[in-house]
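An overview of the molecular structure
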Amino acid sequence: MEEDSSGKVLSQSQWTHTQSQEAPIELVPKRGGTSVVWLHFGFNGSDTEQKTAVCKLCHKVVPSPDANTTNLFYHLQKKHEREYTDIQKFRLSKERSETGPCRAKKRYYTQRSLQESFARGTPYDKNSRRHQQLSDGVTRLICKGGLPIELVDKPVFRELMELADPRYIMPSRKHFTRVEVPRLYAERRTEVAREINRVAHYSLTTDLWTSRQTEPYMCITIHFIDNDWTLCSRCLQTAYFPQDHTGAMIAQGLTDALESWGLEENQLVCVTTDNATNNISALEQLEWERLQCFGHRLQRAIDAALRTLAAPKKQAVERAVGICKKVVSAFSNSTKRKHSLAKAQAALGLPFHQLITETPTRWSSRQHMIARFLEQEKALSQVLLADKKARHLVPSWQDMALLESVSKALGPLVEFTDALSGEMYVSVSFLKPVLHLFNNEVLSRQDGDTELTEAIREGILNYLNEKYDDEPTNNILDMATLVDPRFKLAYTKEDRVEFIKTRAAAEMEGMLAPEHAPAALACLQTPLPTETAHSPPAESDPELPHPTKKIKKSLGSYFRKAAGSTQPQPTRASIELELNMYLQVQSWFPARPLPFQPTDRETDTRDSHNKHLELFPSTSVINEPGYPQSSRVSLDARSGFVTNGAL
């Protein structure tokens, strides 16, 4: 739409017709012209190639090489201002119609200066912030991703970094080994040290591992609850440990690790380890509280149950499991059999699952192998029968019956091992309930159980009940279950209820009132019938058990708050009253895994007591994932640098 000289709005066709009436008749329009400027220019009829444009208004020849319209617009702007204005209005209205109601924005292009252009091709200075950020990112990729340091020498990785930022010149492998990785480790160690120095009490899990190069390592992980009541775990070290793995050397390694991090032994609650005799000996020498790893103990119970079967049953089970292993090996080492198995699975409608190999160091790997074998039994038999060399591996119905009995006995235990291996939620308070569940439901006799299934379950129960019946372990588990609002005293033996309540009250009193520590310590050691105490009995409180000959370090003695509090200290009566009120409240299952979120942590007498009883895990599995990765990295590419684990 356009306006004429009187202001009347004209359509494009009307405006074009009006303009064309003023043009000479002998001028012909531009062939294929798309620009609006050609409404005022044309060509002589004799100019067949249309090389010389002529203005229709003043009949002046305007040069327009190769149909360029720049000179034409310039001519209108200088000689015919009204027509030029009309054309600009027409062009603006066209842009508005194409872009909608929004006003068309003019694009402005700026040319870079020479200094900016040269800067884009200049490498970053090694001390610049951007260079350090990229180097730090590569270092974190290597450390957190478990990749070998030789990655920085790979041409394909260098090409990738060049595409990401051409100005970044990646340093050499030597630089990352001697500068970047130690710097990142130092930074992370400082952060972890600052974090653990603020905790009042902590627990540890530790384990030893041998890499593929038969190099021994010791891993230590700390567990604590921060001020926000978040359960935290930090790997303190995965350190080379070339010394003999004796109890004395392990004890020395543990104490050296605590000293290097500035941790005090009197803040240590408990250490969770496997059942190796050298670990047990080390903690006995250090006189540290120890909790046996439930995962290792459960696997020992399974092995013991299978090992103590009657001779005929034991031999039959060993034969059936042996056939299962041979079949798995036969398919693992043959690509042809794998393809045949896939075809058989498709024909029989079975899941396309691979067979599982038993690994002695992997918990429940035998049960996983047997379960997968039973799942694929029809497909396996079909493939083996068609192979003359492997027909002898076809399992008999007796073998299948034995494997089904073993799987039925061990199957329910797998999920408990996985559930109690978590590190981000409380697990130690679940041990008593899990053992109760084993005795009354999971491993109890059921209709349809075979003699073999019953024998295996009975052997597992006898082993677990025996190993978890000692006094120190029961004290730890009963106290941890007490402060868990989901269980409290529900799984504590009746003859131990009063003792646990008295122990809990004494520990709370000992933590809140350091001057009452001797009395609190006296209640934490169960008197032995054959021993007599040399120290006078605690006559000031008849409810407390008499002290024994030797008072050992206890949970309550570890976490006494410093004196000097301006708030009045709770009395023993108020502590017992609060404990009884807590026990009378109906058990509940909070969304958070931690037992409490006190509203007033300075006055709640359960605060520190709950923290130090719920912070240690029931298994030592957290120490194991780092070992295979470290072993693989050091085997696949020698990096020349051993990280101490704070990353």
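Right, let's walk through the structure included here. Since the structure is predicted, the reported quantities are computational estimates derived from the model, not experimental observations.

Before going further, it helps to examine the packing of aromatic side chains. The final tally for this structure, using the stated rule, is 6 aromatic pairs. When the centroid spacing of 6.3 Å and the interplanar angle of 45° are considered together, the rings of Phe294 and Tyr468 count as tilted. Residue Phe294 is found in helix α10 (residues 294–307), and its partner Tyr468 is found in the loop between α17 (451–467) and α18 (471–482); the two are separated by 174 residues along the sequence. Like Phe294, the residue Tyr468 is buried in the burial classification. Over the ring of Trp261 we find Arg189; its NZ or CZ atom is 4.0 Å from the centre of that ring.

In terms of nonpolar packing, the biggest core is built from 58 residues, with Phe294, Leu413, Phe438, Ile456 and Ile460 touching the most fellow members. Element by element, the count of residues in this core is highest for helix α11 (residues 311–332), at 9 residues. Ranked by size, the runner-up nonpolar core spans 27 residues in total, among them Cys232, Phe241, Ala282 and Leu283.

Scanning all chains against the criterion turns up 25 salt bridges. For Arg183, the salt bridge identified is with Asp136, shortest N-O distance 3.2 Å. Of this pair, Arg183 sits in helix α7 (residues 173–196) while Asp136 sits in helix α5 (residues 129–144), placing them 47 residues apart in sequence. On the basis of relative accessible area, Arg183 is assigned to the partly exposed category, the value being 23%. The partner of Arg234 in a salt bridge is Glu195, and the shortest N-O contact between them spans 3.0 Å.

To continue, consider the side chain of Asp449. Relative to the assigned elements, Asp449 resides in the loop between α16 (431–442) and α17. Separated by 3.0 Å, the side chains of Asp449 and Lys408 make a polar contact. In terms of polar contacts, Asp449 uses its side chain to reach the side chain of Arg457, at 2.9 Å. Setting aside anything within four residues of it in sequence, one finds Asp449 in contact with Lys408, Ser444, Glu454 and Arg457.

Thresholds, definitions, all that
- Along each chain, residues carry numbers from 1 onward, in the same order as the chain's sequence is written.
- Whole-chain, interface and lining totals are the exception, using all residues; otherwise, since this is a predicted model, local features are given only for residues with pLDDT of at least 70 and side-chain atom pairs are given and counted only at 80 or more.
- Each side-chain value is derived from all of the structure's non-hydrogen atoms; neither hydrogens nor water enter the calculation.
- Note on aromatic pairs: the rings of Phe, Tyr and Trp (six-membered ring only in Trp) are paired at centre separations within 6.5 Å, and the planes decide the class, stacked below 30 degrees, edge-to-face beyond 60, tilted for the rest.
- Each helix is a run of H or I in the DSSP string that is no shorter than four residues. Each strand is a run of E no shorter than two, and both are numbered from the N terminus.
- Each residue's exposure class comes from its accessible area (1.4 Å probe, protein chains only) as a fraction of the maximum for that residue type: buried when under 20%, exposed when over 50%, partly exposed otherwise.
- Think of it as a cone above the ring: NZ of Lys or CZ of Arg counts as a charge over the ring if it is within 6 Å of the ring centre and within 35 degrees of the ring normal.
- What is meant by a nonpolar core is a set of buried Ala, Val, Leu, Ile, Met, Phe, Trp, Tyr and Cys residues, joined one to another through side-chain atoms within 4.5 Å.
- We define a salt bridge as a contact between a side-chain nitrogen of Lys or Arg and a carboxyl oxygen of Asp or Glu at a distance within 4 Å.
- The term polar contact refers here to a pair of N or O atoms within 3.5 Å; inside protein, the definition further demands a hydrogen-donor-capable atom paired with an acceptor-capable atom, and it admits residues adjacent in sequence only when both atoms are side-chain atoms.
- Whether two residues are in contact is decided by their heavy atoms: any pair within 4.5 Å suffices.

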